[in-house]
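Chain by chain, the residues run as shown.
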Amino acid sequence: MAIELPPPPPPPNGQVLALLAALSNPNPTDHTRHALALQARDDALSSSPEGYGDLCRNFCRVLGCPSPQSIPLSELESFHNSDREMFQRCCGWIPEVVAATAGEGGAAAASSPTEDDLAQRRRSGMIMWNTLRQMAGLLLKNALVTPPLPKNTPTDALGRPLPGRHPHGGRMALPPDAAAEIKHGLLRCIVDEETAVRSSASTAIARCCTAAVALEKSLGAFAVKHWGELLPFLLQCVAAGNDGGATHAEDAAAMGALLTLRKLLEDIPNCVSRDAPAATFQDLVPALLRSLRCPSEGRRKEALACLNCFIEPMPGALVAHMNEYLGGLSALAADPSPSVRRLVCQGIVAMLNSRTEYLQPHMVSIAEFMLRATADADSTVALEACEFWLTFASLDEDVVGSDMTEMMVSLFPRLLPQLLKGMVYPPDKIEELMEANALDENGGADRNQDMAPVFHKSRIKGQHDDDDDNSDDEDDEMDDDDNEWTLRKCSAASLDALSGLYGAQSILPPLLPALHEGLGHTDQWVREASILALGAIADGCKEELGPHMAQLHPFLLTQLTAPESLPQLRCISAWTLGRFASWAVDQMHVEGGDTSLVGRVAEALVGRLLDRNKKVQVAVCSALGVFVESAADLMTPYLDPIYRTLMQALQIYRMRSIMVLFDTLGTMADYIGPAIGEGNLPGIYVPPLLKHWNEIAMENPFDRSLLPLMECLGSSTVVIGMNYQPWALETFEMAMSTIEACTLVFAHDHDALDADDEMADPMICAVDLIDGLVEGLGPNFAALVSGSSRFSETFSNVLQSLAEHIIPGVRMSMFALLGDLARQAPTLIEAGLPNLLSEAVQSIDPTHPATCNNAVWAVGEICVRCGENSGPLTPHASELVQRLIAMLMGNMLDEDGDPVSVPGLAENAATTMGRLASVNANFVAPELGRFLTGWCEGMSKISNPIERRDAFQGFVAALRANPQSIQQAGGGDVSSVMTSILFAIVSWHIPQDDMSGNLLNGAYGFQPFPSEFGELLASLRQLLLDLKTSAGDSWSQIESTMPVNVKRLMKEVYLI
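Source: prediction; values computed, not measured.

Conventions and cut-offs
- Residues numbered from 1 in each chain as written.
- Predicted model: local features only at pLDDT ≥ 70, side-chain atom pairs only at ≥ 80, totals over all residues.
- Heavy atoms only, no water.
- Helix = DSSP H or I, 4+ residues; strand = E, 2+ residues; numbered from the N terminus.
- Buried < 20%, exposed > 50% of the residue type's maximum accessible area, 1.4 Å probe, protein only.
- Contact = heavy atoms within 4.5 Å.
- Areas by Shrake-Rupley, 256 points an atom, 1.4 Å probe, with all protein chains shown as cover.
- Lys, Arg positive; Asp, Glu negative; His and termini not counted.
- Charge placed at Lys NZ, Arg CZ, Asp CG, Glu CD.
- Disulfide = S-S within 2.5 Å.
- Polar contact = N/O pair within 3.5 Å; in protein donor to acceptor, adjacent residues only side chain to side chain.
- Salt bridge = Lys/Arg side-chain N within 4 Å of Asp/Glu carboxyl O.
- Axes fitted to C-alpha atoms, helices over the stretch in contact; angles between N-to-C directions.
- Left-handed = near helix turned anticlockwise from the far one by under 90°.
- Nonpolar A, V, L, I, M, F, W, Y, C, P; charged D, E, K, R; others polar.
- 1 Å grid on protein atoms, 1.4 Å probe; cavity = no way out; pocket = protein on both sides within 12 Å on 5 of 7 lines; lining within 4 Å.
- Points joined across faces, edges and corners; volume = space filled by probe spheres on them.
- Phe/Tyr/Trp six-rings, centres within 6.5 Å; stacked < 30°, edge-to-face > 60°.
- Lys NZ or Arg CZ within 6 Å of the ring centre and 35° of its normal.
- Expected span 1.5 Å × (residues − 1).
- Parallel < 35°, antiparallel > 145°, perpendicular 65-115°, else oblique.
- pLDDT = per-residue confidence, 0-100.

Turning our eyes to something else, we now look at the overall build of the protein. Scanning the protein from N- to C-terminus turns up 53 helices and zero strands. C-alpha atoms of the protein, sized along the principal axes, occupy 115 × 75 × 65 Å. Within the protein, the proportion of its 1056 residues that are buried is 54%. Taking as baseline every contact in the protein between residues at least 6 positions apart, the subset at least 24 positions apart corresponds to 74%. When the accessible surface of the protein is totalled, it reaches about 45000 Å², and 52% of it is carbon and sulfur. Averaged over its 72 positive side-chain charges, the protein has a centre that lies 3 Å from the centre of its 133 negative ones.

Right under this line is the structure:
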């Protein structure tokens, strides 16, 4: 079948050939020429839309020009005059050029080149010519997907136009005639016989179509919906290759089309499904399915990759041919190409993840195939197959029926030992690790993978969602040495997930024999993998492994401490000990348990902290932190040697090891508590930490290794309390110096719009550390600031600048500090309170949830400090109430006008509203009818008893100031409003661990009202009595809807 090609473009001009020659820069020492060429390119692109279009056209013409022989001699002459050397390398074989050269040579013409010489010249010339074509394709793609700005447009450091300051309306768009020619030229190029040219063109098409989604104004012509001939042309090429007896050219065209389709579908599958011509799209899936049967490995691979991309959007065309697709997967399951087999596994995993219903009828045979593929000799196939088990374990319960569950369990005797085999490092990785071990033994420098990025952990105040607080995944310590997802990691993760899903009863019987054999193996690498497997099943099988732990735990300690153990064996033993930390701690409390176990684990881990291998240092330090989380204050007897050893380690550790050491110190402060500040313990570790901070800061105050150092000091200051006083002033001044240095950087950075949280992280950490000093020293913090000769006079101004900072993360930490200052050292904020309150109220904006949360909390703490003095709050009360109402009623909108829901924000708003009403009920009462029910719902979710008390006290005051709000809130339905109030009051009596419906009608389980809040209880009793009186006959209706236990509660506690 003949392929209908778009019309051919004109040949390129000589100037663009000369530009490409200069940009290719074959002489690496000629940097000046290359720089001038770059400048010439940029000047031409940004000169005007016409200049932009003309250069892009010529790039495309070069890309589509199969041979320089088709270029007019006049243009070749221009190329020759600009760059004779490159001209000869590309075009010296062309007969006209050879003749002209011979004519120029005079007597030398007698020695004309032979036929073999000309053939060799042609081969070399075409190689260089095709290199120029690839260069043209790359430059074309870059110019199209990042349209140039007009000359002299103000930009930031990243080349982005400054808002409102580009006179020509932003980035350029190609003139329509140029866009049309380029689109035709790219379509011709994807059928080119040169593989590299097809690849360049397919990438340019896919990137342009993808970029057009966001750059409609500049690149709209390249959007799928506006490029009507794109998909039909690609389909035509694929179909031509599927015909029997396809020519070499048709095969190349089909390959180029499939390559383009795959790139498009990887980037914008929904756009392709939605915007392609309907008739074309309906024919596309059958054409791809036919390509799965073609003899070309490359085309089978690309066609299958395209079909796999349709699984998530699942267009009707694929649904209609689902049986053929599944049949195609089955037919390719034994394909000789590992790449094809990997894609078969990838397609099955994608189907399992999002379209399980299509696999269920065939699940037994599919699972058998995936089990065989998990043992494939090619590691890429085995990895993709292993994803099947990890994905299966993550499926929702309603998707996995009993038949699928039984099928999976029946595979465990073969699957689990295979997963264990997959955890053994492959030979090439073992060789790499042995080399790294030798390097560490000789004190080698840190490698790139040793220097992981450092991110600051935010301090969020008040009610908030704790799910993400411990974002560091301890499983990261399974890392081999890099972030590559490997068969080993996938096998371990699959075993972990399956053991958590199916439990020990299904997992242990088939796994234990292989695990026992591996743990006793003479090969340390097999033993290491078996210990990894043991750690992987720790969560799912911990209780059932109890009888075996009397042997396993000493074994792990031995593997950790034995001098002959490989570093990797020591690492994985430390990690697995951490996974079983809770079991070791439990032995301290069970009858007949080994009460010395916590001490022996601590001793073993501390004994390895000074290991010379950096991976062991990281693993042991991490394991110590994990163990501390479980043991908590049981670690107190061992703190002296632990801190002394950690400070020794500080002297020898490098980069990542130091980061983990600081994290571990912070964990010890968080979990062990005040015991870390007793006696002379702080004197062991605080001075060396401050010394380290000072030494690093002298060289570079923005060194990111200082972030976890400041974080661990911040955690320590809180729990050490007044015992931190000997070092408090030095710590305060170093933190203030960091803020000062960052402020100077921001002041001199004229491109503040480029700023982000990462740039401000040192400042944020320093603010958090000062906040830790406030919490630890309490009212004495004010004296600390007064005693600072450097910062006592400027502290108030610094607070103001932090509250106004452009970076939301800085403001978030500042408002946490502001709230704590209001509680502990209010004199320090009195002078600047009007401005600080104004900034806090303005930051109650859901666009930045964490900043908004802390601002709400800080304002609430200021309200508490104001007591009955409403003066400081009066100028801000009206706006504050309006912002809090939006949070209580769920009416918050982001900058795009979409609803925003932030966990914990309604509870904080309810608390602050109550505290504001306690200062002056008339701040809140006039608007109470608008948000009364939302306030009740927010109060019912508050977990902190003090904050809950404050919320209810303010609520009662506001309701008494405006009792008509009940009618206003219900729109005449008083019963529903009173029910909301009743539910909020009942929430005082619901146990934190029991939110079941049985609490209302089953056995009576309400807890008593907190005895320390007797005054509030009396207020609530009176409020309910008044509500009952005002309701009159309606109360009987309300009472009739009360659950039986609520009626009893009202009678016994509230005397109603």
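The next thing to look at is the state of the cysteines. Summed over all chains, the structure comprises zero disulfides. Free cysteine Cys-294: the closest other cysteine sulfur is in Cys-306, separated by 12 Å. Not part of a disulfide, Cys-571 finds its nearest cysteine sulfur in Cys-621, a span of 12 Å. A residue is classified by how much of its surface remains accessible, and Cys-571, at 13% relative accessible area, is buried.

Structurally, Asp-950 can be placed in helix 47 (residues 945-961). Setting aside residues up to four positions removed in sequence, Asp-950 forms contacts with Val-864, Gly-914, Arg-915 and Ser-918.

Residue pairs three or four apart in sequence face the same way in an α-helix, which turns once every 3.6 residues. Judged by how many residues are buried, helix 1 (residues 14-24) sits mostly within the fold: nine of eleven residues are covered. Within the span of helix 1, buried status applies to Gly-14, Val-16, Leu-17, Ala-18, Leu-19, Leu-20, Ala-21, Ala-22 and Leu-23. At the N-terminal boundary of helix 1, the capping side chain belongs to Asn-13, with an oxygen 3.2 Å from the backbone nitrogen of Gln-15.

All right, on to the pattern of salt bridges then. Side-chain pairing between opposite charges can occur once the charged atoms of the two side chains come close. This model, assessed by the stated rule, comprises 36 salt bridges. Residue Glu-528 pairs with Arg-488 through a salt bridge whose shortest N-O separation is 2.6 Å. With Glu-528 in helix 26 (residues 524-536) and Arg-488 in helix 24 (residues 487-502), the pair connects residues that are 40 residues apart, well separated along the chain. Judged by its relative accessible area of 1%, Glu-528 is buried. For Arg-488, a relative accessible area of 5% corresponds to the buried category. Among the salt bridges present, the one from Arg-1048 reaches Glu-1052, with a minimum N-O distance of 2.9 Å. In this pair, Arg-1048 and Glu-1052 both sit in helix 53 (residues 1044-1052), four residues apart, roughly one turn of the helix. By relative accessible area, Glu-1052 is classed as partly exposed at 47%. Shared partners join several salt bridges into a network, and the residues in it are Asp-820, Arg-823, Glu-861, Arg-915, Arg-949 and Asp-950.

What follows concerns the environment of Ala-276. Structurally, Ala-276 can be placed in the loop between helix 13 (269-275) and helix 14 (278-291). Considering only alpha carbons, one finds Ala-276 and Lys-225, 51 residues apart in sequence, at a separation of 6.5 Å. If sequence neighbours within four positions are ignored, Ala-276 has contacts with Val-224, Leu-231, Cys-271 and Phe-281.

All right, on to the packing of helix 1 against helix 4 (residues 73-82) then. For the pair helix 1 and helix 4, the least separation of the axes is 7 Å and the interaxial angle reads 35°. With respect to the hand of their crossing, helix 1 and helix 4 are arranged in right-handed fashion. Packed against helix 1, whose contacting residues are Gly-14, Gln-15, Leu-17, Ala-18 and Ala-21, the element helix 4 presents Glu-75, Ser-78, Phe-79 and Ser-82 at the interface. In terms of residue class, the contact of helix 1 with helix 4 is built from four nonpolar, four polar and one charged.

By the element assignment, Glu-937 lies in helix 46 (residues 928-940). Residue classification places Glu-937 among the partly exposed positions, given a relative accessible area of 44%. Placed 298 residues apart in sequence, Glu-937 and Leu-639 show a C-alpha to C-alpha distance of 45 Å. Separated by 3.4 Å, the side chains of Glu-937 and Lys-941 make a polar contact.

So, on to the layout of surface pockets. Roughly 560 Å³ of internal volume is contained in the second largest pocket. Taken together, 25 residues make up the lining of the second largest pocket; nearest its centre are Ser-379, Pro-426, Thr-486, Leu-487 and Arg-488. Residue assignment for the lining of the second largest pocket shows that the elements contributing at least two residues are helix 21 (379-393), helix 22 (402-422), helix 23 (427-441) and helix 24.

Take unusual backbone geometry next. Positive phi is not limited to glycine here, since Ala-632 has a value of about 50°. Its location among the elements puts Ala-632 in the loop between helix 31 (614-631) and helix 32 (639-652).

Under the counting rule described, the total for this entry stands at 19 aromatic pairs. Ring geometry for Phe-79 against Phe-87: centres 5.6 Å apart, planes inclined by 85°, an arrangement best described as edge-to-face. An aromatic cluster is present here, built from Phe-732, Phe-781, Phe-791 and Phe-795 joined pairwise through their rings. In this structure, Arg-122 is placed above the aromatic ring of Trp-93, and the distance from its NZ or CZ to the ring centre is 4.9 Å. The ring of Trp-988 carries Arg-948 above its face, with NZ or CZ at 5.2 Å from the centroid.

Our focus in this paragraph is helix 47. Taking 1.5 Å of rise per residue, 17 residues should cover 24 Å, and helix 47 covers 24 Å from first to last C-alpha, within 8% of that figure. Every buried residue of helix 47 is listed here: Glu-947, Arg-948, Asp-950, Ala-951, Phe-952, Gly-954, Phe-955, Val-956, Ala-958 and Leu-959. The distance from a side-chain oxygen at the start of helix 47 to the backbone nitrogen of Ile-946 is 3.0 Å, and the residue carrying that oxygen is Asn-944.

All right, on to the packing of helix 27 (residues 538-561) against helix 28 (residues 567-579) then. Contact pair helix 27 / helix 28: the axes reach a minimum separation of 10 Å and the direction vectors enclose 140°. One way to sum up the angle between helix 27 and helix 28 is to call them oblique. Like other packed secondary-structure pairs, helix 27 and helix 28 cross with a definite hand, here left-handed. Where helix 27 approaches helix 28, its residues Ala-538, Asp-539, Lys-542, His-553, Leu-556, Leu-557, Gln-559 and Leu-560 are matched on the opposing element by Leu-569, Arg-570, Ser-573, Ala-574, Thr-576, Leu-577 and Arg-579. For the contact of helix 27 with helix 28, a count of residues per class yields seven nonpolar, four polar and four charged.

Low-pLDDT stretches of the model should not have their predicted coordinates read in fine detail. Overall, the predicted model of the protein reaches an average pLDDT of 89, with 91% of residues at or above 70. The low-confidence segment residues 465-477 (pLDDT under 50) makes 16 contacts with residues lying over four places distant or belonging to another chain.

Relative to the elements of secondary structure, Glu-387 occurs in helix 21. Along the chain, Glu-387 and Thr-717 lie 330 residues apart, while their C-alpha atoms are 45 Å from each other. Those residues in contact with Glu-387 that sit more than four places away from it in its chain are Val-349, Trp-485 and Cys-490.

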